[in-house]
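Here are the chains, one letter per residue:
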Amino acid sequence: MDENLNEYTFEEIKLGMKESFQVNITESMENNFAEITGNYNPLASNAEYAATTNYKKRICPGMFTASFFSRLTGMHLPGKYALVYSQSLNFVNICYIGDQITVEGEVIEKNNATKMITLNTVITNQEGKKLIYGKALVTFRKN
C-alpha cells in the first residue's frame, strides 16, 4: 500500500474539511476492472471497435471511475473508521484510458445523533472537466 491511511474520528471531523488524490487511469486498470466485473463491453475493452464510435477510443465504464470514491472514504476522508452508508452518482462526462483524474470529497454535513457525515464527492479529469459527482453518507466504526 503506497498511500497514507487517515484515521479521522467523528469528533475530529469539521464542516468544510476536504481531501483529494489523483489517479492516472491505465489500460491495465480498465482490463482488471473488466476481469473482476465481467463487463467486457467492446466500447471499453476493444480499441478497434471503440475507434468506430463517436468516442474514437476506449472509454472507462462509469462504475470503474466511480469506484475511486471507495478509496476516498476508506483511505482519506474519514479513512480507517469509515463505513459508507450510501453514495449517489451522477455521470456527466466520459473518462478515458490515459486520463489523470482527481477525486475529491468535502464534508458538508455532520450529524451528532447518528454519527454520520455527508460528503460532496466529485471526480474531474486533467482538464478540470467534471466526470462524476454525488453525495456520500458515511458512518463511523468504533474499531
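All right, on to the pairing of strand β1 (residues 18-24) then. The alternating pattern of β1 places Glu 19, Phe 21 and Val 23 on a buried face and Lys 18, Ser 20, Gln 22 and Asn 24 on a face that is not buried. Bridge count between β1 and strand β6 (residues 100-111): seven bridges; the pairing is antiparallel. Looking at the pairing, Glu 19 lines up with Gly 105 of β6.

Glancing now at the nonpolar core. Soluble globular proteins tend to pack their nonpolar side chains together in the buried interior. Of all hydrophobic cores here, the largest spans 16 residues; its most connected members are Ile 25, Phe 68, Phe 69, Ile 101, Val 103 and Ile 123. Elements with a minimum of two residues in this core: β1, α4 (62-66), α5 (68-76), β6 and β8 (130-140). The contact partners of Val 103, leaving out residues within four places of it in the chain, are Glu 19, Ser 20, Phe 21, Phe 68, Phe 69, Leu 72, Val 122 and Ile 123. Ala 82, Val 107, Ala 136 and Val 138 belong to the second largest nonpolar core, which has twelve residues in total.

Attention shifts here to the side chain of Thr 65. By the element assignment, Thr 65 lies in helix α4. Setting aside its immediate chain neighbours within four residues, Thr 65 contacts Cys 60, Cys 95, Ile 101, Ile 123 and Ile 132.

Within this structure, the stated rule accounts for three aromatic pairs. Taking 5.3 Å as the distance between ring centres and 55° as the angle between the ring planes, the aromatic pair formed by Phe 33 and Phe 64 counts as tilted. With Phe 33 in helix α1 (residues 27-37) and Phe 64 in helix α4, the pair connects residues that are 31 residues apart, well separated along the chain. Exposure class is identical for Phe 33 and Phe 64. Each is buried.

You can see His 76 is positioned in helix α5. When near neighbours in sequence (up to four residues on either side) are disregarded, His 76 contacts Glu 3, Asn 6, Tyr 8, Glu 19, Phe 21 and Arg 71.

Moving on to the environment of Thr 121. Note on placement: Thr 121 falls in strand β7 (residues 116-124). When its relative accessible area of 3% is taken as the criterion, Thr 121 is described as buried. Considering only alpha carbons, one finds Thr 121 and Tyr 49, 72 residues apart in sequence, at a separation of 32 Å. The residues touching Thr 121, leaving out its near neighbours within four places in the chain, are Phe 69, Leu 72, Gln 87, Glu 104, Ile 132, Tyr 133, Gly 134, Lys 135 and Ala 136. Side-chain polar atoms of Thr 121 contact the side chain of Gln 87, separated by 2.9 Å.

Rules used throughout
- The residue count restarts for each chain, going from 1 along the sequence in the order it is written.
- Owing to the predicted nature of the model, reporting of local features is limited to residues with pLDDT of at least 70; listing and counting of side-chain atom pairs is limited to 80 or more, with chain, interface and lining totals taken over all residues.
- Note: side-chain values were computed over all heavy atoms of the structure, leaving out hydrogens and water.
- Here's how the labels work: a residue is buried when its accessible area is under 20% of the maximum for its type, exposed when over 50%, partly exposed in between, all with a 1.4 Å probe on protein chains only.
- Where helices and strands are cited, they refer to DSSP runs of H or I of at least four residues and of E of at least two residues respectively, numbered from the N terminus.
- When DSSP locates at least two bridges between a pair of strands, those strands are taken to pair.
- Here, nonpolar core refers to any group of buried Ala, Val, Leu, Ile, Met, Phe, Trp, Tyr and Cys residues whose side-chain atoms link them within 4.5 Å.
- Two residues form a contact once any of their heavy atoms are found within 4.5 Å.
- Two aromatic rings, drawn from Phe, Tyr or Trp (for Trp, its six-membered ring), form a pair once their centres lie within 6.5 Å of each other, and the interplanar angle then sorts them: stacked below 30 degrees, edge-to-face above 60, tilted otherwise.
- N or O atoms within 3.5 Å of each other form a polar contact, as long as, within protein, one can give a hydrogen and the other can take it, and as long as residues adjacent in sequence are counted only when both atoms are side-chain atoms.

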